[in-house]
Amino acid sequence: MAAELSGGELAKTSGISASMLSRIERGLVSPSVETLERLAQALHVPTSRFFSDQARRTDFCHVRAGQGVVVDRIGAVSDYRYELLGHLLSGNLFVEPYLVTLLPGADPYVTFQHPGLKFLYFLSGEVSYRYGGKVVQVKAGDSLLFEATALHGIEAIAGGPVSYLSVVLTLRE
């Protein structure tokens, strides 16, 4: 949106004079919070955009195949292997991408429950997956996306080996 507005259009849309915008842009004055809010509204961006240093942001994670960190997850059931596939240290969103593999001897488990959203993409196997009162049959290539505060998990294993990508998204406190 910012690239589509001229300085004059931005001044008109935000209700801030063109001369004031010019002084802000050149660093001659520090805008008030109210001025920043008006500019953010005119540009259709959050006010926080003015405080982020996108050019210096360095969060980037590359995990080579088979080199994810195997994590002992508190409360996880036995024989569910969790391999963390990446992490970022900043931002408001906490993302946990895991490769989950059910090892021989893994039992169904339907009482996972936690804050956030969960996305599952099944890579292999076939299972019955419970979400609250609903049960769906899923196999390789199927995906699920849901609010994770409801009880959920694998109700039955129809064919193995079972592996899936699990991505949990929550807001940082």
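See the structure printed just above.
Rules of the game
Residues numbered from 1 in each chain as written. Predicted model: local features only at pLDDT ≥ 70, side-chain atom pairs only at ≥ 80, totals over all residues. Heavy atoms only, no water. Pairing = 2+ DSSP bridges. Helix = DSSP H or I, 4+ residues; strand = E, 2+ residues; numbered from the N terminus. Salt bridge = Lys/Arg side-chain N within 4 Å of Asp/Glu carboxyl O. Buried < 20%, exposed > 50% of the residue type's maximum accessible area, 1.4 Å probe, protein only. Phe/Tyr/Trp six-rings, centres within 6.5 Å; stacked < 30°, edge-to-face > 60°. Lys NZ or Arg CZ within 6 Å of the ring centre and 35° of its normal. Core = buried A, V, L, I, M, F, W, Y, C linked by side-chain atoms within 4.5 Å. Contact = heavy atoms within 4.5 Å.

A. Seen up close, the pairing of strand E6 (residues 134-139). Sheet topology note: the strand E5 (residues 117-131)/E6 ladder contains 6 bridges and is antiparallel. When the bridges of E6 are listed, tyrosine 131 appears paired with lysine 134. Here E5 folds back onto E6 in antiparallel fashion, the turn holding 2 residues, of which glycine 132 has a positive phi close to 60 degrees.

B. Representation of the pattern of salt bridges within the structure. Within the structure shown, the criterion is met by 3 salt bridges. Of the charged contacts, one joins glutamate 83 and arginine 81 as a salt bridge, the two residues approaching to 3.4 Å between their closest N and O atoms. Its relative accessible area of 7% is what places glutamate 83 among the buried residues. Across the pair glutamate 155 and arginine 130 runs a salt bridge whose closest N-O atoms are separated by 2.5 Å. Residue glutamate 155 is located in strand E8 (residues 152-171), and its partner arginine 130 is located in strand E5; the two are separated by 25 residues in the primary sequence. Under the relative-accessibility criterion, arginine 130 is labelled partly exposed at 22%.

C. Looking closely at the pairing of strand E7 (residues 143-147). Residues Leu144 and Phe146 line the buried face of E7, whereas the alternating positions Ser143, Leu145 and Glu147 sit on a face that is not buried. Two strands pair when backbone bridges link them, and E5 and E7 are joined in this way by 5 bridges, in the antiparallel orientation. Bridge assignment links phenylalanine 119 to a residue of E7, and that residue is leucine 145.

D. Here's a closer look at the packing of aromatic side chains. Using the criterion set out here, one finds 7 aromatic pairs in the structure. Ring centres of tyrosine 131 and phenylalanine 146 lie 4.9 Å apart, and the angle between their planes is 50 degrees; this geometry places the pair in the tilted category. A residue pair is termed long-range when its members are at least 10 positions apart, and tyrosine 131 in strand E5 and phenylalanine 146 in strand E7 qualify at 15 residues. With relative accessibility at 9%, the residue phenylalanine 146 sits in the buried group. Joined through ring pairs, the aromatic side chains of Phe122, Tyr129, Tyr131, Phe146 and Tyr164 make up one cluster. Here the basic side chain of lysine 118 rests over the ring of phenylalanine 112, its NZ or CZ set 5.2 Å away from the ring centre.

E. Structural view of the nonpolar core. Ranked by internal contacts, the top residues of the largest apolar core, which has 18 residues, are Tyr80, Leu102, Phe122, Tyr129, Ile154 and Tyr164. Counting residues per element, the ones that place at least two in this core are strand E2 (80-84), strand E3 (93-102), E5, E7 and E8. No other element matches the 4 residues that E5 contributes to this core. When residues no more than four places from it in sequence are discounted, the contact partners of leucine 102 are Asp79, Tyr80, Ile154, Ile157, Val162 and Tyr164. One finds Leu10, Ile16, Leu39 and Ala42 within the second-largest nonpolar core, a separate group that totals 7 residues.

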